[in-house]
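Read off the chains here:
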Amino acid sequence: MGPQMGLAHLKSLPVLTRLYESEKTLASSSRGGHGRRMANQNTATYGVPIYAAEWIPEETVRSKIDKDQENSEDGGESSSSISSSRSCIVLSGGGGDGRNGIPNLILVCRVDLETNSLSEQPLGRLVVSDLPYRMAVHPREGGLVCALPNSCKLFDWENIMSTREDNQAGEESEEGIKELNDVGQQLALAFNQEGSVLAAGGEDGTLRIFEWPSMKTLLNESKAHASVKNLTFSESGKFLVSLGAPLCRVWDVKASAAIASLSKEKDEIFASCKFSVDNAGNEVLYIAANTERGGSIITWDTTSWKRRRSKLIKNNSISAFSVSADGKLLAVGTLEGDVLIIDSTRMETNQVAKKAHLGLVTALTFSPDSRCLVSVSFDSRAKLTVIEQTHEKRGIRSWMVVLLFVLLYVVSYYFMEAKGIIRKKSP
């Protein structure tokens, strides 16, 4: 989601509660707290406002998928089809302090790429006492780190996936990360690609970087920003970019020092930042910003730390931003609930899901193979958007048009020659 607006909406949860109670679909799903399939199979609702979503390494929940696979085989479904098509995402969200009757949950949900659908029932469901407002999935099997109102905790996948009563809280069995206890609300969490470094950014503006899992402190900067809104590691892990008022800062992780500041221009308000790799294999930094004219995506050179270009997305205010693993696509979620898929090379919109959600999109996450995107919102919905291969189709259509033009030209030429409209060339 747009990090700069998260807590403002969090504090207005009583209003949101009334909104959810008025929605029949959400009221139905909240009776058991389980997912409920919407009219379209690619959309499911889980009964709580959803703040964060990430795809997870399949091996972390392999045993649970295998168990479901055995059950499916009993019903006649082929094991090879199931094994190749199922992936999982983890969602987190809830009602905060619990006085509004909305639980705080961590959910693991299956995504079936054969049918382009989200599971009706979560594979794992853990009720926690505090709101898991932000989270970071370890890239291997190291579990899930969640930012709670005043601390961070590491959740074991086995605990999330274990069977328990619907309203039983399992969070108490998890130990807090002592280096992140009593530190206030963390608005951003991120692992590097190897999973060897964890970064945490606080509402109070403090940036902390640790070795993982030893939790040896690499950096503890209390005045990194007025408030840290977003964090992203470079593909190589050499750099960390922290976003917060009034600018972005680039940190050399090994040196534990800031090496550059990326300032906004005119009326820009930075919303999110993501590292990726372009078609030439070079690292690139994207920053999503909002302006009076709409959302904007700014591309930065990671050598000079200067702007390369900026693309305005008119009449759309960006609330969530993501980049595909292959770097070819960008995704934007808006305050109005729309989801846009953008070609990162041409900076043109390939795909739009209008009103994918009832309200602002809080988070977006591409699948590891870049075939689809999951978006979530305060409306309790998770939506799966399959990526259309528009660029390839456009290229094929262009070649077909050229070929057809050449054929028509040749046929017309010989027709006119045969009718004597044009002279035959002398040998």
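Our subject is the structure listed above.
Criteria and thresholds
- Residues numbered from 1 in each chain as written.
- Predicted model: local features only at pLDDT ≥ 70, side-chain atom pairs only at ≥ 80, totals over all residues.
- Heavy atoms only, no water.
- Helix = DSSP H or I, 4+ residues; strand = E, 2+ residues; numbered from the N terminus.
- Buried < 20%, exposed > 50% of the residue type's maximum accessible area, 1.4 Å probe, protein only.
- Contact = heavy atoms within 4.5 Å.
- Areas by Shrake-Rupley, 256 points an atom, 1.4 Å probe, with all protein chains shown as cover.
- Core = buried A, V, L, I, M, F, W, Y, C linked by side-chain atoms within 4.5 Å.
- Phe/Tyr/Trp six-rings, centres within 6.5 Å; stacked < 30°, edge-to-face > 60°.
- Lys NZ or Arg CZ within 6 Å of the ring centre and 35° of its normal.
- Polar contact = N/O pair within 3.5 Å; in protein donor to acceptor, adjacent residues only side chain to side chain.

## Digging into the overall build of the protein chain
Secondary structure summary: the protein chain contains 7 helices and 30 strands in total. Counting across all 427 residues of the protein chain, residues that qualify as buried make up 54%. If you take every contact in the protein chain between residues at least 6 apart in sequence, the share linking residues at least 24 apart comes to 51%. Per element, the accessible surface of the protein chain, about 20000 Å² overall, is 50% carbon and sulfur.

## Digging into the nonpolar core
The biggest cluster of nonpolar side chains holds 22 residues, and the ones touching the most others in it are Y46, I89, L91, L118 and V376. Taken together, the elements giving at least two residues each to this core come down to strand 3 (50-55), strand 4 (86-93), strand 5 (104-112), strand 29 (372-377) and strand 30 (381-386). No other element matches strand 5, which puts 4 residues into this core. Formed by 18 residues, the second largest nonpolar core is a distinct cluster that contains V61, C88, V108 and C146.

## Focus: the packing of aromatic side chains
Here the structure, examined in full by the defined rule, presents 5 aromatic pairs. Ring geometry for Y51 and F378: centres 5.1 Å apart, planes at 85°, overall edge-to-face. In this pair, Y51 sits in strand 3 while F378 sits in the loop between strand 29 and strand 30, placing the two residues 327 residues apart along the sequence. Seen in terms of ring centroids, F275 and W305 are 6.4 Å apart; in terms of plane orientation they differ by 80°. Their pairing is edge-to-face. Of this pair, F275 sits in strand 20 (residues 269-277) while W305 sits in the loop between strand 22 (294-301) and strand 23 (307-314); the two residues are 30 residues apart in sequence, bridging distant segments of the chain. For W305, a relative accessible area of 11% corresponds to the buried category. Here a set of aromatic residues connected by ring pairs shows up, and it is made of Y51, Y133 and F378. Taking NZ or CZ as reference, R134 lies 4.3 Å from the ring centre of Y133, over its face.

## What about the environment of E221?
For E221, the position within the fold is in strand 15 (residues 217-221). For E221, a relative accessible area of 27% corresponds to the partly exposed category. Considered as a pair, E221 and A257 are 36 residues apart in the sequence and their alpha carbons are 9.4 Å apart. Contact partners of E221, with chain neighbours within four places excluded, come to G205, T206, L207 and W251. There is a polar contact of 3.1 Å between the side chain of E221 and the backbone nitrogen of K223.

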